[in-house]
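Tertiary structure, described
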2 protein chains.
Amino acid sequence: MAERTRIVIVGAGFGGIELAKALRRLPVDVLLIDRNNYHNFQPLMYQVATGGLEPDSIAYPVRRIFRKYRNVSCRMAEVRLVDWERSRLFTSIGTVPYDYLVIATGSRTNYFNFEDVKEKMLTLKSLPDALNIRSYVYQNLEKAIANYSGEPLEEIMNVAIVGGGPAGIELAGALAEMKIHVIPRDFPDLDTSRMSINLYQSGDRILNAMSEQASAKALEYLSDLGVNVLLNSRVATYKDDQVFLEDGTRFPTDTVIWTAGVTASPLEGLPESCVLKGNRLLVDAMNRVSGLDNVFAIGDVAACTSVENPRGLPMLAPVAQQQGRHLARNLGRLLRRQELVAFRYRDRGAMATVGRGRAVADLPGWKFQGSFAWFVWMGVHIFSLVGFRNRLSALYHWAFNYLSYDRPLGLIIRPYRRQSD
Amino acid sequence: MAERTRIVIVGAGFGGIELAKALRRLPVDVLLIDRNNYHNFQPLMYQVATGGLEPDSIAYPVRRIFRKYRNVSCRMAEVRLVDWERSRLFTSIGTVPYDYLVIATGSRTNYFNFEDVKEKMLTLKSLPDALNIRSYVYQNLEKAIANYSGEPLEEIMNVAIVGGGPAGIELAGALAEMKIHVIPRDFPDLDTSRMSINLYQSGDRILNAMSEQASAKALEYLSDLGVNVLLNSRVATYKDDQVFLEDGTRFPTDTVIWTAGVTASPLEGLPESCVLKGNRLLVDAMNRVSGLDNVFAIGDVAACTSVENPRGLPMLAPVAQQQGRHLARNLGRLLRRQELVAFRYRDRGAMATVGRGRAVADLPGWKFQGSFAWFVWMGVHIFSLVGFRNRLSALYHWAFNYLSYDRPLGLIIRPYRRQSD
């Protein structure tokens, strides 16, 4: 161990995994640390939240990914502090020294000035979050049909989603499909016309990282499914089980799902000078953290600013993956004492889906929407899942759900209680 | 509602589900109450605990079972008290009146005189229990490989299972297979020879409800897999992470799984005279609770005593299912003012599996063991799962696990902490 270069990667997200894989052929020892023992496929989290896929289909134990990689070790641990001056980490499993450190810790939900009410809201950033949403939605339906509490039915059944990015619209679409196809079958006595799904977007269009064409079509799809999309609508606060907008309107609901932003989650202990607004780390074109020789950052946590992207590259899986692969090559160059090469992001486009047969795609030079986009979306996502087993399992579930118009996974295994209740 | 006879069933286990289904053609309104929104297939719980099947494969939302049953309503609620004098229940969703009440509340883990240490132990009676075992086993493996705590490796890796019934031996066998096939692949640096799996049985044979032949073969299978089966071994206590036997021997382990007994869980408020030892309800041959006109009990909670079975029928799924179907016919007779017919249990035999290709079966007139028994066991269990989807899903997982010698579901989604830690 002592003779080989030791690379420590923190975070087993898209960036960390790609990097560790790509380091396979280098004469280095890789230690991959994550606070969970699994890698999860964030883009399909909303499917878990709405009972379309089970958690085991979109997550994969990290060790299994690296079963055949002799130079990669995996540890489940919390990293508490970087001591960059002495090249070591303090973690929940002790002190970990490194020759090179790669920070790939991603991002977490940003509640902005809603920190004080975050305990009343749900979010969709982790598997427990997704399972909480699934439980909570079904608990509320059970509550609505028993209606013992005397709460107005609207308050129990309504759902508010804050944020019109991919997570928000995919969740809104899936919930709307549940309202149309699943709830009437499972809860025939419930009057679903009393259930509204509101999506709040502060800007003037949803999916604002995509083309206007995609935004417009996604809006149309959501409206078709009965989602009330409220553009230019800023939520002022959430209290007494009511969402208050800045313009004074209210929406009574027990269920607010916050998808309105993320903030990077870097490690503690780094020099303040390299932490930018939004907690992203300032890195150079080689993904080296500003001012630190042997520390790199990739993915959401890295703000790779440039003239074209003054605010850094977008926080997307493909960026993290490309940076991971690129950094592996650069680390190879470092070992061979060669010059490092700057990273260049290749934008291969973006996709989002609102529901069955309703997706939007912006590929380079080709924008399209509808059923075909939906099949492409599905193919890309099944193919991107880690592990043959997960791909087969997702395919099986989707085929089943497609044929039956159903979302069959509705177990409330661990009931969710808002911390404020 | 007011004109039709109202039958309230408490408990959506094997008995409650069969009864509600069989009441389909009667002119009655059925209300099925369970504290969960799902029915779970208890006999395969150990597969969830050991990562062979996911929770969604062995559990099924109760409402989905009854989607097409017009006279069955389902409610998720806790029943707090029976007011049998006024024929009503007090529940978490309000007061529920009934014409006939059927108690099908099953059983729960019986810790006997280990109540004071139960928080240090795991058990296997519910889906959260099973997921806790899965998380805890993987957490301990992660802890062992990091070995930061300085705890002796044996203590972290060893597993003690208390109880040599089907649950105990199936769990022991599955954990032993993990030790042989899965852990060396996922944790190549761990020395599994330092991991012992001990199974404690107070009597002189395991599976003592089955034939001696089945017991002997199961013992042989467990020994083949490296499980230490300790017969005539009574656990005295569990403290300081050590299991103490009555004969003074000790076994250091963090992980004690208690499967050594169950006790019935009847409703509160029933007259004391009808609650027997072990909390079972004294019922007559028609499953009517002793002394109560319009209250019945079926399944584990009902002690249907007779000359042949002075301690009541065994607490098994087939008993509950047969009683459920029988009671539906008797309720029909009641409505038609006909004489009720006594229940007779038809024992169709028992099976248990220790691992891949290793099962034991006692069918009426035919006892057999080995690979064939294992295939029969698998066929019976797949066929018994509720819902086509679950059958297909279990088949898919088992085929995968069979071909790969793997147990692929190892996510630690919600880490488990013993309440005493």
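The notes below deal with the structure included here.

Within chain A, the regular secondary structure consists of 11 helices and 25 strands. On C-alpha atoms alone, chain A measures out to a radius of gyration of 22 Å, which is about the 22 Å that the 2.2 N^0.38 rule sets for 421 residues. The C-alpha extent of chain A, read off along each of the three principal axes, is 70 × 40 × 40 Å. Entry remark: accessible area of chain A is about 17,800 Å², with carbon and sulfur atoms responsible for 49%. When the 50 basic and 43 acidic side-chain charges of chain A are each reduced to a single mean position, those positions are 9 Å apart.

Once that is clear, we can look at the relation of the copies chain A and chain B. When chain A is fitted onto chain B, the two copies agree to an RMSD of 0.0 Å after a turn of 180° and an axial shift of 0.0 Å. Within this description, the copies of the chain are treated as partners about a two-fold rotation axis. By residue overlap, the copies meet face to face through one surface: 100% of the interface positions of chain A are interface positions in chain B.

Here we take up unusual backbone geometry. Of note in the backbone geometry, D241 of chain A takes a positive phi value of approximately 55° without being a glycine. In this fold, D241 of chain A is placed in the loop between β15 (235-239) and β16 (242-245).

Moving on, we get to the sheet that holds strand β12 (residues 159-162) of chain B. All names here are of chain B. With parallel pairing, 5 strands are arranged side by side in an open sheet as β11-β18-β12-β13-β14. Bordering the open sheet on either side are β11 (122-123) and β14 (227-230), each of which pairs with just one other strand. When strand β13 (residues 197-200) meets β14, the two strands line up parallel, connected through 4 bridges. When the sheet's bridge partners are listed, Y200 is paired in β14 with L230.

Turning our attention to the pairing of strand β5 (residues 72-76) of chain A. All names here are of chain A. Most of β5 is tucked away, with 4 of its 5 residues classed as buried. Where strand β2 (residues 28-34) lies against β5, 5 bridges are found, and the strand directions are parallel. Across the sheet, residue I33 finds its bridge partner in β5, namely R75.

We now examine the pairing of strand β18 (residues 255-258) of chain A. Residues and elements named next belong to chain A. The alternating pattern of β18 places T255 and I257 and V256 and W258 on opposite faces, both of which are buried. Bridge count for strand β11 (residues 122-123) against β18 is 2 bridges, and the pairing is parallel. Each residue of the ladder has a partner; that of L122, found in β18, is I257. The pairing of strand β12 (residues 159-162) with β18 spans 4 bridges and is classified as parallel. Residue pairing for β18: V159 is matched across the bridge by T255.

All right, on to the environment of Q323 of chain A then. All names here are of chain A. Following the sequence through the fold, Q323 ends up in helix α9 (residues 317-335). Spatially, the C-alpha atoms of Q323 and Y345 are 7.9 Å apart, while their sequence positions differ by 22 residues. Beyond its immediate stretch of four places on either side in the chain, Q323 contacts N287, I298, G299, C304, L313 and F343.

A word on the interface of chain A and chain B. The interface of chain A with chain B comprises 45 residues on the first partner and 45 residues on the second. At the boundary of chain A with chain B, total buried surface from both sides reaches about 4,600 Å², with 52% on carbon and sulfur atoms. Seen at the junction of chain A and chain B, the total is 10 salt bridges. A salt bridge links E142 of chain B to R63 of chain A; the shortest N-O distance between them is 2.9 Å. Across the chain A-chain B interface, the total number found is 32 residue pairs in polar contact (both at pLDDT 80 or more). Mapped by element, the contributors of at least two residues to the side of chain A that touches chain B are α3 (55-58), β4 (59-61), α4 (62-65), β5, α5 (127-146), α7 (166-186) and α11 (388-404) of chain A. It is α5 of chain A that contributes the most residues to the side of chain A that touches chain B, 10 residues altogether. Residues that form the side of chain A that touches chain B fall into these classes: 24 nonpolar, 7 polar and 14 charged.

Residues and elements named next belong to chain B. Viewed as axis vectors pointing N to C, helix α10 (residues 371-384) and helix α11 (residues 388-404) meet at an angle of 150°, and their least axial separation amounts to 9 Å. Judged by the inter-axis angle, α10 sits roughly antiparallel to α11. On α11, the residues touching W374, W377, M378, H381, I382 and F383 of α10 are R391, L395, W398 and Y402. Here the contact of α10 with α11 is composed, by residue class, of 8 nonpolar, 1 polar and 1 charged.

Now for the packing of aromatic side chains. Where two aromatic rings form a pair, the distance of their centres and the angle of their planes describe that pair. All names here are of chain B. One pass over the full model with this rule turns up 27 aromatic pairs over all chains. Between F14 and F41, the aromatic rings sit 5.6 Å apart at their centres with planes inclined by 75°, giving edge-to-face as the arrangement. Of this pair, F14 sits in helix α1 (residues 14-22) while F41 is found in the loop between β3 (38-40) and α2 (45-49), placing the two residues 27 residues apart along the sequence. Of the two residues examined, F14 and F41, each falls in the buried class. With centroids separated by 6.1 Å and ring planes inclined at 25°, the aromatic side chains of Y111 and W258 adopt a geometry described as stacked. In this pair, Y111 sits in the loop between β10 (107-109) and β11 while W258 sits in strand β18 (residues 255-258), placing the two residues 147 residues apart along the sequence. Like Y111, the residue W258 is buried in the burial classification.

Right, let's talk about the pattern of salt bridges for a bit. Residue and element names in this part refer to chain A. What the rule picks out here adds up to 31 salt bridges over all chains. In this structure, R325 engages E18 in a salt bridge whose closest nitrogen and oxygen atoms are separated by 2.9 Å. Within this pair, whereas R325 is found in helix α9, its partner E18 is found in helix α1 (residues 14-22), the two being separated by 307 residues in sequence. Taking the relative accessible area as the measure of exposure, E18 reaches 16% and is therefore buried. Among the ionic pairs, R88 bridges to D83, the shortest N-O distance being 2.8 Å.

Time to look at α1 of chain A. With respect to burial, α1 of chain A is a largely interior element, 7 of its 9 residues being buried. If you check which residues of α1 of chain A are buried, you get F14, G15, G16, I17, E18, L19 and A20 of chain A.

Residues and elements named next belong to chain B. Locating E268 in the fold gives a position in the loop between β19 (262-264) and β20 (281-282). Of the residues examined, E268 reaches a relative accessible area of 55% and is grouped as exposed. In this structure E268 touches R80, L81 and V82, once residues within four positions along its chain are discounted.

In this section: the state of the cysteines. All names here are of chain A. Under the definition given, this model contains 0 disulfides over all chains. For the unlinked cysteine C274, the closest cysteine sulfur is that of C304, found at 14 Å. With a relative accessible area of 0%, C274 lands in the buried category.

A separate point is α11 of chain A. The terminal C-alpha atoms of α11 of chain A lie 24 Å apart, and with 17 residues this matches the ideal 24 Å at 1.5 Å per residue to within 8%. Listed in full, the buried residues belonging to α11 of chain A are R389, N390, S393, A394, Y396, H397, W398 and N401 of chain A. Of the surrounding secondary structure, the elements contacted by the buried residues of α11 of chain A are α2 (45-49), α3, β4 and α10 (371-384) of chain A together with α11 of chain B. Y405 of chain A lies just past α11 of chain A and shows a positive phi near 55°.

Calculation criteria
- Residues numbered from 1 in each chain as written.
- Chains lettered and ligands numbered in written order.
- Predicted model: local features only at pLDDT ≥ 70, side-chain atom pairs only at ≥ 80, totals over all residues.
- Heavy atoms only, no water.
- Helix = DSSP H or I, 4+ residues; strand = E, 2+ residues; numbered from the N terminus.
- Rg over C-alpha atoms; globule rule 2.2 N^0.38 Å.
- Areas by Shrake-Rupley, 256 points an atom, 1.4 Å probe, with all protein chains shown as cover.
- Lys, Arg positive; Asp, Glu negative; His and termini not counted.
- Charge placed at Lys NZ, Arg CZ, Asp CG, Glu CD.
- Least-squares fit on C-alpha atoms with pLDDT ≥ 70 in both.
- Contact = heavy atoms within 4.5 Å.
- Pairing = 2+ DSSP bridges.
- Buried < 20%, exposed > 50% of the residue type's maximum accessible area, 1.4 Å probe, protein only.
- Buried area = accessible area lost by both parts, 1.4 Å probe.
- Salt bridge = Lys/Arg side-chain N within 4 Å of Asp/Glu carboxyl O.
- Polar contact = N/O pair within 3.5 Å; in protein donor to acceptor, adjacent residues only side chain to side chain.
- Nonpolar A, V, L, I, M, F, W, Y, C, P; charged D, E, K, R; others polar.
- Axes fitted to C-alpha atoms, helices over the stretch in contact; angles between N-to-C directions.
- Parallel < 35°, antiparallel > 145°, perpendicular 65-115°, else oblique.
- Phe/Tyr/Trp six-rings, centres within 6.5 Å; stacked < 30°, edge-to-face > 60°.
- Disulfide = S-S within 2.5 Å.
- Expected span 1.5 Å × (residues − 1).

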